[in-house]
Amino acid sequence: MQKSTILYLIISVFLLLMLSSCSSLNVVKGYNPVAMEKTVLEVPYFSNSAIDYVYKANIRVYGNELSGIFIAKKINDTTHRVVFTTEFGNKLLDFEISETDFKINYIVEELDRKILINTLKTDFRLLLKGNYVVKEQYENQENKVYQTEVDKTTNYLFISKKENRLNKIVNASKRKEKINLFFTSENNIFATKIIIQHYKIKLRIELNYLQTQ
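From a predicted model like this one, the values you see are computed outputs, not experimental measurements. (Residues numbered from 1 in each chain as written. Predicted model: local features only at pLDDT ≥ 70, side-chain atom pairs only at ≥ 80, totals over all residues. Heavy atoms only, no water.)

Draft legend 1. Fine view of the side chain of Thr-119. Checked against the element boundaries, Thr-119 lands in helix α2 (residues 114-128). Excluding its chain neighbours within four sequence positions, the residues that come into contact with Thr-119 are His-198, Ile-201 and Leu-203. (Helix = DSSP H or I, 4+ residues; strand = E, 2+ residues; numbered from the N terminus. Contact = heavy atoms within 4.5 Å.)

See below:
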């Protein structure tokens, strides 16, 4: 009896280890691990300091919708400034954000909530980050996937083989996906459409590029 109990515990622990080790790879299920082509992956979409990246924004959160204008500009080598206004030009928030720093220049009282600010901070850092250190690489017939780790979370960047463009970022814990960023791009200069989809909370942000010139 004691022997069977010990055997059961060993098998149970083994299965738990197998599940935990495989869980972080659910994002790349069906992809094959391959030798890394590069150690750093550069993302070009918000990298040009000469461009004001202006988007029509639609935010859906728990059944409520908010529309406005999203503007991002790279102000130095490490930092972007992000401004969100109403469609009539009234400022709602104004942030400066880098990988290590975060500054609130302005936020309306109704949006000044810690949970909202922290959520937007995470989203904007993923969206605006210019380069990622690659830890692993996978691929299938359509995409190359670069696995990176930032602040104890894992990010998977999907690059289409046909167009050689970033089309998705998956931010995941060891067990499940937390945030997906989807990119539509006609070139490697900016994304024409971006969708930020959360899975732990009911939040979806859609950005559509506005031609300003």
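Having seen the model, we can carry on.
Draft legend 2. Quick peek at the pattern of salt bridges. Across all of its chains, the model carries 10 salt bridges by this definition. Where Lys-129 meets Glu-99, a salt bridge forms, and the shortest distance between an N and an O atom there is 2.9 Å. Of this pair, Lys-129 sits in the loop between α2 and β8 (131-139) while Glu-99 sits in the loop between β6 (91-97) and β7 (102-107), and the two are 30 residues apart along the sequence. A relative accessible area of 11% means that Lys-129 is categorised as buried. The structure contains a network of salt bridges with shared partners spanning Arg-81, Lys-91 and Asp-94. (Salt bridge = Lys/Arg side-chain N within 4 Å of Asp/Glu carboxyl O. Buried < 20%, exposed > 50% of the residue type's maximum accessible area, 1.4 Å probe, protein only.)

Draft legend 3. Representation of unusual backbone geometry in the model. The phi dihedral of Asn-164 falls on the positive side, at around 55°, and the residue is not glycine. Positionally, Asn-164 belongs in the loop between β10 (153-160) and β11 (166-172). Asn-164 gets classed as exposed once you look at its relative accessible area, which sits at 53%.

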